[in-house]
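Chain by chain, the residues:
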Amino acid sequence: MCGIIGYVGTKKCTPALIDGLKKLEYRGYDSAGIAVVQDGQIVRVRAVGKVAELEKAVAQDKPQGTCGIGHTRWATHGKPSEENSHPHTDCSGEIVVVHNGIIENYLTLKEKLQTLGHKFQSETDTEVIAHLIEENLKHTRSGSHEQRLFRAVMKTSAELHGAFAYGVMWAKTPRQIIGVKNQSPLVVGLGKNENFLASDVPAFLKYTSKVLFLEDGQTAVLTPDGVKLYGMDGQETKVKTTKISWDEKTAEKGGYKHFMLKEIYEQPQGLEDTLRTAREDFGRILGLKTTDLRNIKNVYLVACGTAYHAAMIGKYYLENFAGVTASVDLASEFKYRTIPPAENTLCIAVSQSGETADTLGAVKKAKELGFKRLAICNVLGSGLTRACNSVFFTHCGPEISVASTKAFTSQIISLYALAIFLGHASGNISQKVFNKLYKELMAVPKAVADTLKIEYDVRHLTKKIYKSDRFIFLGRNVDYPIALEGALKLKEISYVSAEGFAAGEIKHGPISIIDKGTPVLILMPKNLLFDKMLSACAECRARGAFVIALTTPDGKEEAAAVSDKQIIVPQASEYLQPVLDIVALQFFAYWVAKRLGRDIDQPRNLAKSVTVE
Ligand code: M6R
């Protein structure tokens with residue numbers, strides 16, 4: 001994600017930059033930095049760690065000036081380090097850039113710039129922007145410095161591919177900041193004799209509530225006297241401002257009551273960002289000698305909690321698409337059971353944080369057994385990414401709520417992508433089948449966006465049953481782990497007993513806990529197993545359960561005949577349906593907990609990352 005802040009005005013800018021970065025820390029916190037124009041030169045202060053570390057460094061260096069930009073980083077390219085922290089500069093050190101997003105063609109641009117003599121200091125994709133502007137400035141010699149910078153920035157933006165937002169400052173234009181938005185958020189705050197650029201409103205809400213939300217393809221030029229807005233064609237467009245009525249706390253959550261709800265709604269974007277790099281990243285990973293994935297015969301998936309449920313789904317994917325034998329272990333169990341040594345074995349560790357002690361322990365054991373190790377992880381530079389031979393990053397951005405939502409769906413689609421790329425590379429699936437599966441995968445972000453529309457229905461449904469002291473979730477095949485995840489989500493934030501079962505198993509014991517009125521959520525999208533799920537509904541209803549059928553439009557009528565309520569989610573292909581189904585259960589857990597008045601983002605007894613065994 002990353003957070004951008006910029007200030008241009010008549011006051012000293014450092015306090016506003018630090019304030020802004022603190023408010024944006026939820027977007028990333030592995031390093032932070034600021035750059036200020038001071039006496040015609042750029043002064044840059046950067047620090048690894050949270051904004052508090054930067055604040056200490058700033059207190060020593062005290063950069064003075066009335067125009068500056070800052071950044072808090074969530075690493076995507078290059079480990080968390082001072083060299084990789086933003087702002088990044090060109091060769092002269094006069095142009096500084098802060099950026100959020102991913103420049104997909106950065107390697108091509110970097111090579112081109114290197115042949116032109118540019119020297120790079122970091123591993124980031126961001127640094128190419130600064131050098132490209134420097135290069136383009138050489139070809140824009142007429143006009144004022146301000147006009148030249150504007151033209152160079154416009155030319156640079158046209159050469160960048162990907163989703164990005166960035167802010168630029170030049171030592172020769174000490175009263176100007178330029179901001180560019182393309183598919184990553186960027187807003188402008190309009191004050192009196194001062195203006196702000198930021199990734200999100202809370203960054204400057206303390207100073208102004210008059211906001212301009214940039215559209216994709218727009219460039220904003222900020223000076224102390226005002227803000228001008230330009231389209232991709234370089235033509236000036238009208239500035240439309242909005243008055244924000246949120247308080248600071250609400251603004252931090254983007255207007256949502258809780259981070260959990262915000263993160264549920266961020267899923268389409270998180271999925272799109274994760275998929276954006278999948279083809280290239282898996283191509284690289286599959287080509288690596290260190291993992292030699294094409295010859296892999298056995299896979300052990302290890303993970304904890306929600307990530308474990310994603311890993312369970314990954315087993316279905318790997319066996320079905322890649323044709324490899326896969327087993328799933330809770331990381332805490334894998335560490336202590338006997339695992340026979342075997343050649344051509346891969347251990348896949350799935351983790352949002354990359355710091356879960358049990359998962360790290362399992363990977364350590366996999367290494368001792370001589371297994372190759374692949375991490376599917378959301379945090380660059382985390383312990384797990386260092387302990388594995390290769391890493392695929394889920395780009396869903398920092399997850400703040402203890403209850404994991406967007407990390408889960410991004411883990412599922414990463415495993416799906418891995419399985420189909422692997423299956424294709426090993427010849428297990430044909431080009432034609434691969435194309436079909438890939439197309440279906442690419443359609444998931446939009447389908448999840450459509451699924452978000454069910455929040456109102458789910459919210460309404462929970463009104464009748466939120467006081468129940470026991471909930472049951474049933475699923476089959478790839479929806480079995482979703483039943484487990486639905487139950488985990490509910491229990492961790494509502495503190496009530498919730499259990500998930502494989503639907504075929506209830507008659508072997510669990511059915512005895514069903515009482516009159518027990519809510520049973522049955523996952524029954526219209527697919528091959530639909531008829532079996534109709535039987536499960538009937539069995540539970542016969543014992544007095546309050547049956548809620550989660551189905552797809554084609555299953556609605558039949559489901560209505562055997563259930564008390566229905567939740568209708570869009571239809572996806574059989575193997576991708578879980579990604580849509582879980583959205584309904586995330587809302588379900590959220591609304592039960594909300595009605596019970598629980599502390600949703602920080603539920604009792606739980607930590608976001610469990611770093612002890
Ligand atoms: O950071 P990790 O993905 O390794 O964390 C694993 C579990 O601790 C985590 O998924 C936990 O179960 C969440 N609170 C679930 O919402």
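Before reading on, note that the structure itself is shown above.
Residues numbered from 1 in each chain as written. Predicted model: local features only at pLDDT ≥ 70, side-chain atom pairs only at ≥ 80, totals over all residues. Heavy atoms only, no water.

Engineer: Describe the pairing of strand 9 (residues 187–190), naming the residues involved and giving the relevant values.
Structural biologist: Side chains Val187 and Gly189 of strand 9 all project onto a buried face; the interleaved residues Val188 and Leu190 project onto the opposite face, where all are buried too. As paired elements, strand 9 and strand 10 (residues 195–198) share four bridges and run antiparallel to each other. Looking at strand 10, one finds that Gly189 is bridged to Phe196. With three bridges joining them, strand 9 and strand 11 (residues 210–213) adopt antiparallel strand pairing. Across the sheet, the residue bridging to Val187 is Phe213, located in strand 11. (Buried < 20%, exposed > 50% of the residue type's maximum accessible area, 1.4 Å probe, protein only. Helix = DSSP H or I, 4+ residues; strand = E, 2+ residues; numbered from the N terminus. Pairing = 2+ DSSP bridges.)

Engineer: Give me the site of the ligand: which residues, what numbers.
Structural biologist: The environment of the ligand is made up of 13 residues, and the closest members are Ser351, Gln352, Ser353, Thr356 and Glu492. In the model, an oxygen atom of the ligand is placed 2.6 Å from a nitrogen or oxygen of the Ser351 side chain. Interatomic distance of 2.6 Å between a backbone N/O atom of Gln352 and an oxygen atom of the ligand. Expressed as a share of its isolated accessible area of 410 Å², the protein-covered part of the ligand is 91%. Of all the elements in the fold, those that place two or more residues in the shell around the ligand are helix 10 (305–322) and helix 18 (480–494). It is helix 10 that provides the largest number of residues to the shell around the ligand, a total of three residues. (Near = heavy atom within 4 Å. Polar contact = N/O pair within 3.5 Å; in protein donor to acceptor, adjacent residues only side chain to side chain. Areas by Shrake-Rupley, 256 points an atom, 1.4 Å probe, with all protein chains shown as cover.)

Engineer: How would you summarise unusual backbone geometry if you had to cite specific residues and measurements?
Structural biologist: Outside of glycine, negative phi angles account for most residues, and trans bonds account for most peptide bonds. Residue Pro87 is bonded to the preceding His86 through a cis peptide linkage, with omega at -5°. Mapped onto the secondary structure, Pro87 falls in the loop between strand 4 (67–73) and strand 5 (88–89). A positive phi is found at Asn344, a non-glycine position, where the angle reads about 50°. On the secondary structure map, Asn344 appears in the loop between helix 11 (331–334) and strand 18 (345–351). Backbone geometry at Asn605 places phi at a positive 70°, although glycine is not the residue there. Relative to the helices and strands, Asn605 resides in the segment after helix 21 (577–595).

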